[in-house]
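Spelled out, the chains give:
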Amino acid sequence: MKKLVIFASGSGSNFQAIINATKNQDIHAVIAGLIVNKKNIGAVERAQKHDIPVALLTPDDTHQFEQQLEKQLHKWNPDLIVLAGFLKKIPERIIRKYPDKIINIHPALLPKYGGKGFYGLRVHKAVIEAEESESGCTVHYVNEEYDKGDIIAQKKVPVQPSDTPEILAKRVLKEEHKLLPSVIKNILNQNN
Ligand code: GRF
């Protein structure tokens, strides 16, 4: 059975979409564990509810983060690592150790509205301020630069003139919950 390791820093609704897809056999894989950098977040509750092991990593610096991640990932030995709303940069050594095995979901149509500082509602605010007529979500491979790895799949949504960042975020998130599990499924199938 293929193994997934998920990283999250927030409510974990994308993590939940992955849990659901593994439960209903849409994704043939087990979630070996969840890595978080904060304790009291929705993602941890969801993991506990489904008996998924959680590793809380609160390193003092990048070097320590590298070491903690290396140890944890060695233990869980994932076929694919999924960043599902993880707000900490993955150290380069880890990226090099898992080439083409780390993917991220971003709530905009990259390469637009990506990079440092573009996270959460800030992304949707920028899209609305620029009067874009469409936005969406992107799943991409993770490389050394924020939101710059190769794009795997995107889904567009319209931006309405009356949208607030919150309303747009909801519309995009709904698509994220479909796009991310479908990309995971495809990648795991390709690597059979
Ligand atoms: C999502 O919008 C995702 O694109 C971004 O962070 C958010 C995480 O939401 N990277 P959730 O924790 O999965 O609900």
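To keep things clear, this report deals only with the structure shown in the data block. Only a predicted model underlies this, so the values are computations on that prediction, with no experimental measurement involved. (Residues numbered from 1 in each chain as written. Predicted model: local features only at pLDDT ≥ 70, side-chain atom pairs only at ≥ 80, totals over all residues. Heavy atoms only, no water.)

The next thing to look at is the sheet that holds strand β5 (residues 102-106). Taking strand neighbours across the sheet as the criterion, the seven strands line up as β3-β2-β1-β4-β5-β6-β7 in an open arrangement whose pairing is mixed. Every other strand in the sheet has two partners, leaving β3 (54-56) and β7 (151-158) as the edge strands with one partner each. The mean inter-strand angle of the sheet, taken between neighbouring strand axes irrespective of direction, is 20°. The pairing of strand β4 (residues 80-83) with β5 spans three bridges and is classified as parallel. Considered in β5, the bridge of L83 is made with N104. The strands touched by helix α1 (residues 13-23) are β1 (2-8), β2 (29-36), β4 and β5; relative to β2, the strand with the most contacts, the crossing angle is about 160°. (Pairing = 2+ DSSP bridges. Helix = DSSP H or I, 4+ residues; strand = E, 2+ residues; numbered from the N terminus. Axes fitted to C-alpha atoms, helices over the stretch in contact; angles between N-to-C directions. Contact = heavy atoms within 4.5 Å.)

Further remarks concern helix α5 (residues 121-129). By the burial criterion, the buried members of α5 are V123, H124, A126 and V127. One face of α5 carries all of its buried residues, which in axial projection span an arc of 160°. Buried residues along α5 sit against β5, β6 (134-141) and α6 (165-190). The positive-phi residue at the C-terminal boundary of α5 is E131, with phi of around 55°. (Buried < 20%, exposed > 50% of the residue type's maximum accessible area, 1.4 Å probe, protein only. Arc of directions from axis to C-beta.)

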